[in-house]
Structures are given as C-alpha cells and as structure tokens.
Amino acid sequence: MDKLYWLDQIKLQDRAQVGDKAFYLSKIMQRGYPVVPGFVVSAEVLRQFLTTLNSTSALVADLPYSSLHLDVANWRQLQQVAGRLRQEIMTGTVPPQWVNQIFSAAKEWQSNYLILRPSLALSAMTSGGGNTSGLLDAIFCRCEPEAIALALKRAWSQLFRARSLLYWRRVGVNLQQINLALLVQPVENAIASGLLHAHSSGWTIEATKGLGIALSQGDVLPDVYYIQQETGVVLERHLGNKMLAYGFRCERQNATERSQSPNGFDHHAATVDLPKLVATADNTDIVTYILEESQQKQYALSEEYLQQVITLGNQLVSEIGRNYTIKWTISDQGLDPTLHLTQVSSPQSAIPNLQFIKGLGASGGRVTAKAHVITDAHKKPGEIHKGVILVAVNIAPDWLPFLQEVAGIITVQGGLTSHAAILARELGIPAVVSAADATVLIQHGERLLVDGDRGEVYRIRGEKAAEGETQELKYPEPTIPSSPHAHVVTQLPMISTQLLVNLSQPRLIESAQNLPVDGVGLLRSELMLLNILEGQHPHSWLVSGRQAELLEKWTEQIILFTRAFAPRPVFYRSLDWRSYELPSSSHHQHSVQNSPLGDSLGALQYRGTFSYVCNPAVFELELTALANVQKAGYSNVNLLLPFVRSVAEFSFCRDKVEQAGLNQIPQFELWMMAEVPSVLFLLPEYVKAGVAGISIGTNDLTQLLLGVDREQGQITRVLNERHPAVMGAIAQLIQMAKTAGIPCSICGQAPAIYPEIIDQLVEWGITSISVEPEAVERTYRAIARAEQRLILAAARNQIS
C-alpha cells in the first residue's frame with residue numbers, strides 16, 4: 001500500500017483508485033462544503049491483498065485476475081463459491097504495516113469509531129453497471145488495529161457475496177472491471193440522519209433519529225418534508241413511524257442530560273439485545289434504542305436543522321445542478337451539533353467547474369490538453385498543432401499521419417474495434433469512442449481531460465493546468481534491453497502458447513522488439529504504407545509512372561520490421577483497403593455510398609483477395625517488394641492473405657506468390673486470415689490448396705456473423721466478440737486447424753479487449769495470440785495463468 005488518498009487532496013486522475021463516492025465527496029469538500037474528513041484505501045490495495053492469500057485452491061490463487069465465469073442459475077454452486085471466497089478473505093492476514101498506516105492516520109481524529117464506506121468505480125469496457133446502491137454495506141469498527149484489519153476484510157469480502165456475484169454477472173461486468181476502494185471516516189452518534197432528493201419539480205427530505213442505519217435498512221418509515229426549491233418553503237410534512245434509532249453504547253453511557261432535548265433521542269432508553277442486521281466489524285457497541293412514545297411523535301429535525309439542510313441543498317444547486325441526491329447527518333458533538341454530507345450523487349458529474357461526456361474507453365491512459373474539433377465527417381484534418389486532443393465524428397485510416405502528433409482522440413462514432421480505437425491503441429494515445437454529440441458539445445480550443453481507461457471526457461472549467469498536462473504512456477520501456485526470451489525468463493513465467501505483437505508504425509519498433517513476444521503476428525501493410533503514399537492509392541503511383549520509386553520505399557518499410565525482429569517471424573498482411581478509406585481509390589465509391597449496409601459493411605465486396613483478382617498490378621508489386629526483402633537476406637517474412645472468400649481466390653494468389661519466387665525460401669509460409677464465415681465450411685479445401693496456417697480476425701468475423709458495423713459503438717456494446725456465435729466459430733476454427741495439422745493464431749482485438757476469453761483460447765488449443773504492444777504484458781500473464789490452470793487440472797485428474 002503506497003499511500004492513503006485524503007479527501008481534501010484527491011485529484012481528477014485519482015478517480016479510478018478512489019471510486020465515485022469518494023471522488024464526488026472530495027470535490028464537494030474541496031469547494032468548502034461540510035464533509036466529514038477522511039481518506040481512501042485505494043482499489044489497488046484490495047488487488048494487492050488478494051495476491052497475498054496463501055491458498056492451494058486454483059480459484060483463490062487466481063482471484064486477482066479471474067473473471068469468475070459462474071453459472072449464476074446454479075444457486076447451490078453460486079453459494080458455495082461465494083462462501084469459499086469470503087472465507088479465504090476473512091482468514092487471510094492484512095499486512096500489519098497497512099493496518100498501522102491506517103490506524104496512525106485515523107487516531108488523529110480522536111474518535112472511538114470509524115466507518116468504512118465502499119466506493120466503486122467500473123471500467124470503461126463495461127456496457128453498464130446499473131444502480132449499485134445498497135449492493136455493498138458500510139462497515140463500522142472501533143479505532144483499534146485489530147478491529148481495522150477485520151473491518152477491511154469484512155468490507156472487501158462483500159464483493160464476493162452471492163448477491164454481488166449474481167448482480168455483476170446479470171449486468172455483464174466481470175471482477176476485473178471493478179475497482180473497490182474504501183472511504184475511511186470517523187463516526188459519532190447522530191441527532192438525525194437522512195436524504196435530500198432534489199429535482200426540477202421540487203425537493204423531498206427524508207429524516208430519522210440517530211445514525212442512518214435505520215433508514216438504509218428500512219427499519220423505520222422516515223419523516224418526509226416536501227420543499228419548494230425556489231423559496232425554501234415547506235409545502236408539506238408527514239410524521240414517519242420511527243420506533244427505534246441506532247447509536248453507540250459507550251457514547252450513550254457518557255452522554256449528558258442534553259438527551260432530553262427535543263432534537264435528540266433518549267440516550268438512556270432501553271437497549272435491545274436481540275440480534276440486529278447491522279454491518280459491524282468486531283464489537284463496535286452499536287445498539288438499537290427503542291424510542292419513547294413521546295419521541296416517536298416528534299419530528300427528527302427541528303426547524304433550525306431543517307433550514308440548515310434546505311440552505312445546504314440550495315447552495316449545491318450552483319455546483320451540481322437541480323437534479324441530485326445527498327445523504328446527510330447531524331453529528332451529536334456535545335453543545336455544537338454539525339451538519340455533514342456523507343454522500344453525493346447526480347445524473348451529471350458532481351465535479352465543480354467541470355462537465356462530463358461518456359463514451360467507450362478504446363485506448364487507456366489520461367491526458368489533459370486543448371481540443372481540436374473537426375465537425376465535417378468527410379473532411380480530413382488541416383494543420384493540427386502538436387499535443388492537442390483531436391475531436392471528430394470518426395477517423396479514417398488515412399488520418400494516420402495527423403494522429404502521430406495528437407495527445408488524445410475522441411470520436412462520436414466507432415466501437416472498440418473501429419479504426420480510431422485500433423490506431424490509438426497501437427500509437428499509445430488515450431482515446432474515447434462513441435462519445436455522443438462530442439463535436440457539438442465540445443468547443444474548439446477548450447481544455448479537456450480524456451480518460452481512456454474509463455471512457456470519459458471532462459470539459460474543464462477553471463482547473464489548474466498542473467493537474468494533468470502530461471500523457472500517461474501506454475506501456476513502459478522494457479527494463480532489460482536484450483532478447484525477449486531473456487526478458488521472459490527473468491521477469492515472467494514461461495509459456496507454451498506463442499505471443500506475438502500487432503504493428504504498423506516504424507517508430508514503435510524500438511520499444512516493441514524488446515517486449516516478451518515471439519515475433520510480429522500482424523504487420524498491417526495498409527497502415528504502414530500511409531507513411532509513404534503521400535495520400536495517394538498505390539494504383540495512382542503505378543499510373544503516374546512512379547512504380548520503381550514506390551517499390552523501393554515499400555521494400556525499405558518492410559525491412560525495418562524484418563531486420564528488427566529477425567530471426568523471429570514477421571507475418572505481413574497484404575493490402576486490405578476498403579474503397580472509401582483512401583480518397584484516390586474512387587473506382588467503387590458510388591456503390592459503397594449507396595449500400596444499405598453502411599460504409600464498413602457495404603465496402604466488403606471490394607476488399608481483400610478479390611481486389612487482387614480484379615486488379616493484380618498492385619498485388620504483384622507488393623509480392624516483388626517481399627521478394628526483395630528475401631533477397632536482402634531476411635528469411636523471416638511470411639505472407640498473410642486478407643479477407644479470402646473462396647478457394648479460387650486463394651489459388652490465384654498462391655500462383656502469384658510462386659511466380660514471384662517467394663516459396664523458394666524454405667522458411668516462407670503462406671497463411672490466410674480466417675475472417676469470412678465461409679472459412680468455417682471451406683478450411684479443409686484451403687489446406688489442400690496450400691494454406692500453411694490461419695489467423696483468426698475477430699473484428700471482421702464478428703461483423704459478418706452478427707451483421708453489425710464495428711464503427712457503430714452503441715450496438716457493439718452488446719453484439720461483440722463475446723457473443724456465443726462468435727466464440728463458437730473461433731472454437732470450431734481452432735479444432736479444424738488442429739485436425740488439419742496447421743497452426744492457428746488469432747490477431748483480432750478480442751483478446752486485448754476481453755482478456756477473459758484467453759482462458760478458453762488456450763484450453764481450445766490456440767497456437768499463438770497476437771495483440772497490440774500495450775496489451776502484451778497483461779496478455780502474457782493471462783496466458784501463463786490459463787496454462788497453469790490446465791496443468792493443475794490435468795494433475796488433479798491424474799491423481800484422482
């Protein structure tokens with residue numbers, strides 16, 4: 001545990017670590033509103049604690065990384081798994097240095113009791129999250145080391161309750177996407193507690209005596225006040241049914257005769273010794289008080305306190321708008337009771353001076369910079385200043401030269417496998433896609449913070465520039481500048497499944513070649529060539545008589561990659577442009593624009609190897625460039641044919657490859673992308689025709705199986721690579737490849753975006769997995785865990 005996050009010091013970039021509840025409270029507190037002081041035990045601390053659990057159970061050993069694919073319909077299994085996980089957490093040991101750090105900080109408050117409030121933040125990859133109110137309970141404990149350690153475990157273990165696991169599975173969120181932090185605050189007895197619901201038509205205040213436990217658990221019917229917001233006039237008030245209240249035993253015993261005040265409850269009333277469903281850790285002396293009949297007939301709030309709550313509500317309108325909900329408490333602090341906020345929630349972000357736009361997090365990292373807005377969806381960027389955040393409707397591949405200079409990307413359209421997302425991940429640029437109306441809401445030149453991890457864009461008003469001008473790099477420089485195999489041996493476990501990297505940009509070679517990879521699984525030729533084509537289609541170069549110049553540049557580009565990764569293989573995928581992706585390729589533009597399927601799907605008929613059959617000149621030049629690479633002494637280049645529809649197309653390309661002399665090098669292999677669904681029926685015929693291996697392209701395979709356009713982010717939130725039809729097709733392709741005796745790789749975005757499917761890929765027998773540089777380390781570890789689970793399962797079966 002590196003540090004505690006104090007409420008009065010939390011910054012925007014800390015949100016994922018401290019959770020939404022603590023983050024919103026911190027921003028309100030920093031604006032001068034009454035919030036009980038506190039600090040946050042970050043979400044990373046929970047992950048660190050889970051790694052310390054010393055268990056022989058594979059389920060528990062892998063808990064920090066597991067997605068827990070449970071059959072939630074099997075209630076018995078769900079209860080057993082939940083019980084086992086919570087038991088492991090409760091019997092674990094919180095490192096003493098963590099406990100001492102928390103205790104040392106908390107004892108400065110000179111309070112006998114603490115409250116640990118769960119504060120959640122969900123990953124941007126989630127399709128929702130729903131309303132988590134009431135899912136996790138606040139935990140009370142004494143301000144003592146042993147009690148603090150127990151309270152931490154009690155709070156953390158709630159994440160693995162049966163109802164929690166059921167909820168997350170139902171809303172499509174796995175455990176890796178959940179950040180659970182704990183807000184630690186001192187807690188005192190309360191005169192009254194409650195809520196204020198503010199909306200445009202009026203306000204509602206709910207109040208009860210004592211701690212807010214009675215209200216949250218539904219033990220009482222609260223007093224209700226209906227308020228006219230503009231004037232603060234109480235329009236109606238209804239006395240609730242408040243038979244009991246909660247408080248602390250030891251403070252009751254030390255209470256003064258002030259308990260007879262009409263604003264308080266009788267601290268000397270009888271205590272109830274029956275068990276109560278109060279979330280406590282150890283013996284916190286929380287007791288239930290039965291209120292005398294005269295007190296039950298009194299409102300929980302005096303006029304003075306009621307007006308304090310109304311005044312506070314009016315002040316918050318200027319900060320968070322007219323629609324919000326707050327929880328409040330009036331602490332019983334002797335002669336000076338104090339109104340405090342305990343929770344703030346709002347449909348909009350409760351962040352002062354800052355507005356919020358939600359999208360899909362397509363490429364991780366955070367950056368603060370000025371916006372460069374392009375409102376015309378069909379217009380390429382003009383001059384772009386270095387370090388700006390590019391805001392556009394969508395992004396075409398030929399924008400790549402402009403993207404080299406930007407610090408962040410926001411698009412109105414696009415899903416996690418869109419061009420904007422893929423380019424941003426490879427370049428290491430934070431990106432948010434599917435941000436509705438971003439080009440309308442965001443003004444050119446205004447300051448933004450892009451959070452690519454959470455899929456959020458913040459329009460900053462009056463924030464200090466120091467809070468985040470610098471961009472977080474997507475992946476660190478390797479610590480060992482030697483071979484990747486040495487890197488694996490010294491820092492990572494050995495794996496059997498090959499791990500490859502997807503590349504297209506020469507400037508990334510230096511850092512990528514030292515990553516723990518076995519080669520380049522996908523060299524995207526069309527993106528690589530954008531650096532040299534000067535905005536023109538290769539066919540235009542040929543027509544204008546610049547064939548020799550283009551061939552030389554093409555060869556040099558490929559050699560940059562083969563030389564850097566030799567002797568490791570480089571799988572070069574030949575050109576696969578849709579006709580609308582390069583302006584000068586206008587020969588099919590009219591057909592695409594009139595397609596009812598849209599740009600992405602409508603242009604499919606002019607893609608891949610079919611375009612080679614229609615116009616072989618560019619493909620022949622491409623093969624000549626590959627032959628020149630071989631003649632330069634690099635035998636590690638292989639060819640990957642894109643978007644193959646038929647055996648006839650493949651055979652045409654195979655003949656061209658033979659004519660170019662590429663197969664004269666023994667190491668050369670001719671592979672094909674498995675992305676057109678017909679491959680599920682034709683793979684044995686392809687193998688007979690000479691296919692040496694396949695690489696599954698999940699991006700296009702998903703589009704064609706499910707009939708979705710990957711540039712449309714909203715629909716791909718639901719219909720994506722995890723769909724049973726897509727996963728079934730992948731499993732079938734792997735099995736067919738094994739039967740045919742050829743290797744099967746996967747180079748689409750699925751393993752990087754949804755790492756939980758790596759378990760299944762490894763179990764099915766995938767030969768290799770190829771991902772973007774930023775995903776290499778986590779994919780490596782996911783493969784290692786998957787292989788270890790298979791080994792452990794096999795050993796257990798052998799023993800049994």
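Along each chain, residue indices are assigned from 1 in the same order as the chain's sequence is written. In view of the model being predicted, local features appear only for residues whose pLDDT reaches at least 70, and side-chain atom pairs are presented and counted only at 80 or more, with totals across whole chains, interfaces and linings using the full set of residues. Side-chain measures were taken over the full set of non-hydrogen atoms in the model, leaving aside hydrogen atoms and water.

J.: Explain the environment of Phe619 to me, please; I cannot follow it from the model alone.
T.: With respect to the helices and strands, the residue Phe619 is situated in helix α23 (residues 617-631). Between the alpha carbons of Phe619 and Leu575 there is a distance of 7.8 Å; along the sequence they are 44 residues apart. Sequence-distant contacts of Phe619, that is, excluding residues within four places in its chain, are made with Ser574, Tyr612, Leu641, Cys653 and Lys656. Helix numbering and strand numbering both begin at the N terminus, where a helix is a DSSP run of H or I of at least 4 residues and a strand a DSSP run of E of at least 2. Contacts are assigned to residue pairs that have any heavy atoms within 4.5 Å of one another.

J.: What is the right way to look at the packing of aromatic side chains in this model?
T.: Centre-to-centre distance and the angle between the planes together describe a pair of aromatic rings. Paired rings are identified among Phe, Tyr and Trp, the last through its six-membered ring, by centres lying within 6.5 Å, and are further divided according to the angle between planes into stacked (under 30 degrees), edge-to-face (over 60) and tilted (the rest). For the structure shown, the criterion picks out 11 aromatic pairs. For the ring pair Trp6 and Phe39, a centre distance of 5.0 Å and an interplane angle of 65° mean the geometry is edge-to-face. A residue pair is termed long-range when its members are at least 10 positions apart, and Trp6 in strand β1 (residues 5-6) and Phe39 in strand β2 (residues 39-41) qualify at 33 residues. Judged by relative accessible area, Phe39 falls into the buried class, the value being 0%. Aromatic side chains Phe23 and Tyr24 sit 6.1 Å apart centroid to centroid with 55° between the ring planes, which places their arrangement in the tilted category. Considered together, Phe23 and Tyr24 belong to a single accessibility category, that of buried residues. Put simply, the rings of Trp6, Phe39 and Trp109 pair up and form one aromatic cluster. Sitting above the plane of the Tyr299 ring, Arg237 keeps its charged end 5.8 Å from the centroid. We call a charge positioned above a ring when the Lys NZ or Arg CZ atom is no farther than 6 Å from the ring centre and deviates by at most 35 degrees from the ring normal. Directly above the ring of Trp541 sits Arg546, whose terminal nitrogen or CZ lies 3.9 Å from the centroid. Accessibility here uses a 1.4 Å probe with only protein chains present; expressed as a share of the type maximum, an area under 20% marks a residue as buried, one over 50% as exposed, and anything in between as partly exposed.

J.: Hey, could you run me through the pairing of strand β13 (residues 324-331) in this one?
T.: Consecutive residues of a regular strand have side chains that alternate between opposite faces of the sheet. Counting buried positions over the 8 residues of β13 gives 6, a clear majority of the element. As defined by bridge partners, strand β6 (residues 190-199) adjoins β13 across 8 bridges and the pair is classed as antiparallel. Pairing of Ala198 across the sheet is with Tyr324, part of β13. The rule for pairing is simple: two strands pair if DSSP sees at least two bridges between them. The pairing of β13 with strand β14 (residues 338-345) spans 7 bridges and is classified as antiparallel. Looking at the pairing, Thr325 lines up with Ser345 of β14.

J.: For this particular structure, what's the right way to read helix α11 (residues 303-320)?
T.: Note: α-helices contain 3.6 residues per turn, so residues at a spacing of three or four share the same orientation. The span one expects for a helix is its residue count, reduced by one, times 1.5 Å. For α11, built from 18 residues, the straight-helix expectation of 26 Å at 1.5 Å per residue is met to within 8% by its first-to-last C-alpha distance of 26 Å. For α11, the set of buried residues is Tyr305, Leu306, Val309, Ile310, Leu312, Gly313, Leu316, Val317, Glu319 and Ile320. Along the axis of α11, the buried positions cluster into a sector of 165°, meaning they face one direction only. Facing away from the buried side of α11 by over 90 degrees, the exposed positions are Glu304 and Ser318. Directions from the helix axis toward the C-beta atoms define the arc.

J.: Would you explain helix α25 (residues 679-689) in this entry?
T.: Among the residues of α25, Val679, Leu680, Leu683, Tyr686 and Ala689 are the ones counted as buried. In a view along the axis of α25, the buried residues occupy a sector of 125°, so they form one face of it. Residues of α25 that are exposed and point more than 90 degrees away from the buried face comprise Phe681 and Lys688. Against the buried residues of α25 lie α24 (647-660), β27 (670-674), β28 (693-696) and α28 (724-740). Just downstream of α25, Gly690 is the residue with a positive phi angle, here 120°.

J.: Looking at this structure, how should I read the packing of helix α5 (residues 96-106) against helix α6 (residues 145-157)?
T.: Packed helix pairs are specified by the crossing angle of their axes together with the interaxial distance, meaning the distance between the axes. Helix axes are fitted only over the stretch in contact, all axes being lines through C-alpha atoms; the angle between N-to-C directions runs from 0 to 180 degrees. Interhelical geometry of α5 versus α6 gives an angle of 105° and a closest axis separation of 9 Å. In terms of axis orientation, α5 runs roughly perpendicular to α6. Together, Trp98, Val99, Ile102 and Phe103 of α5 and Pro145, Ile148, Ala149, Leu152 and Trp156 of α6 make up the contact between the two elements. Oblique is the label for every angle not falling under 35 degrees (roughly parallel), over 145 degrees (roughly antiparallel), or within 65 to 115 degrees (roughly perpendicular).

J.: Sorry if this is basic, but what is going on with the sheet that holds strand β25 (residues 570-573) here?
T.: The strands making up a sheet associate through hydrogen bonds between their backbones, and the pairing can be parallel or antiparallel. Taken in spatial order, the 8 strands close into a barrel running β23-β24-β25-β26-β27-β28-β29-β30, and their pairing is parallel. With direction set aside, neighbouring strand axes in the sheet form an average angle of 30°. Examined bridge by bridge, strand β26 (residues 637-641) and β27 share 3 bridges and lie parallel to one another. Looking across to β27, one finds that Leu640 is bridged to Trp671.

J.: I keep staring at the confidence of the model for the protein chain and nothing clicks. Help me out?
T.: Where the model shows low pLDDT, its predicted coordinates should not be examined in detail. What pLDDT conveys is the predictor's confidence in a given residue, as a value from 0 to 100. The predicted model of the protein chain has a mean per-residue pLDDT of 82, with 81% of residues at 70 or higher. Here residues 251-283 is a poorly scored stretch, pLDDT under 50, and it has 85 contacts once near neighbours within four places are set aside; other chains count.

J.: In this structure, what is going on with the sheet that holds β1? I would like to understand it.
T.: Read from one edge to the other, the open sheet built from 5 strands follows the order β1-β2-β5-β3-β4, with strand pairing classed as antiparallel. Two strands lie at the open edges of the sheet, namely β1 and β4 (139-142), each paired on one side alone.

J.: Honestly, the nonpolar core in this entry has me stumped. Any pointers?
T.: Judged by nonpolar contacts, the single largest core of 117 residues is most densely connected at Trp554, Phe565, Leu641 and Ile694. In this structure, Leu641 is in contact with Ser574, Thr609, Tyr612, Phe619, Phe650, Cys653, Leu670, Trp671, Met672 and Met673, ignoring residues within four places of it in sequence. The set of buried Ala, Val, Leu, Ile, Met, Phe, Trp, Tyr and Cys residues whose side-chain atoms join them within 4.5 Å is what this entry labels a nonpolar core. Counting 51 residues, the second-largest nonpolar core is a separate cluster that includes Leu135, Ala149, Leu159 and Tyr167.

J.: Got a minute to help me understand the environment of Asp451 in this structure?
T.: As for its placement among the helices and strands, Asp451 is situated in strand β21 (residues 447-451). Taking the relative accessible area as the measure of exposure, Asp451 reaches 2% and is therefore buried. Taking the C-alpha atoms as reference points, Asp451 and Gly365, separated by 86 residues in sequence, lie 6.1 Å from one another. Once residues within four sequence positions are removed from consideration, Asp451 is found in contact with Gly365, Arg366, Val432, Glu456 and Tyr458.

J.: Hey, could you run me through the pattern of salt bridges in this one?
T.: When charged atoms on two side chains of opposite charge get close, those side chains can pair. Whenever a carboxyl oxygen of Asp or Glu lies within 4 Å of a side-chain nitrogen of Lys or Arg, that contact is scored as a salt bridge. Tallied over the entire structure, the rule returns 29 salt bridges. Glu756 serves as the salt-bridge partner of Arg722, at 3.3 Å between the closest nitrogen and oxygen. Of this pair, Arg722 sits in the loop between α27 (713-716) and α28 while Glu756 sits in the loop between α29 (750-753) and α30 (758-764), placing them 34 residues apart in sequence. Since its relative accessible area comes to 9%, Glu756 is described here as buried. As a salt-bridge pair, Glu774 and Arg778 come within 3.0 Å of each other at their nearest N and O atoms.

J.: What am I meant to see in the side chain of Gln229 here?
T.: Note on placement: Gln229 falls in the loop between β8 (223-228) and β9 (233-238). Residue classification places Gln229 among the buried positions, given a relative accessible area of 12%. Engagement of the side chain of Gln229 in a polar contact is seen with the side chain of Asn314, the distance being 3.1 Å. Those residues in contact with Gln229 that lie beyond four places of it in its chain are Trp203, Asn314, Val317 and Arg322. Definition of a polar contact: a pair of N or O atoms within 3.5 Å, with one able to donate and the other able to accept a hydrogen when the atoms are protein atoms, and with sequence-neighbouring residues admitted only if both atoms are side-chain atoms.

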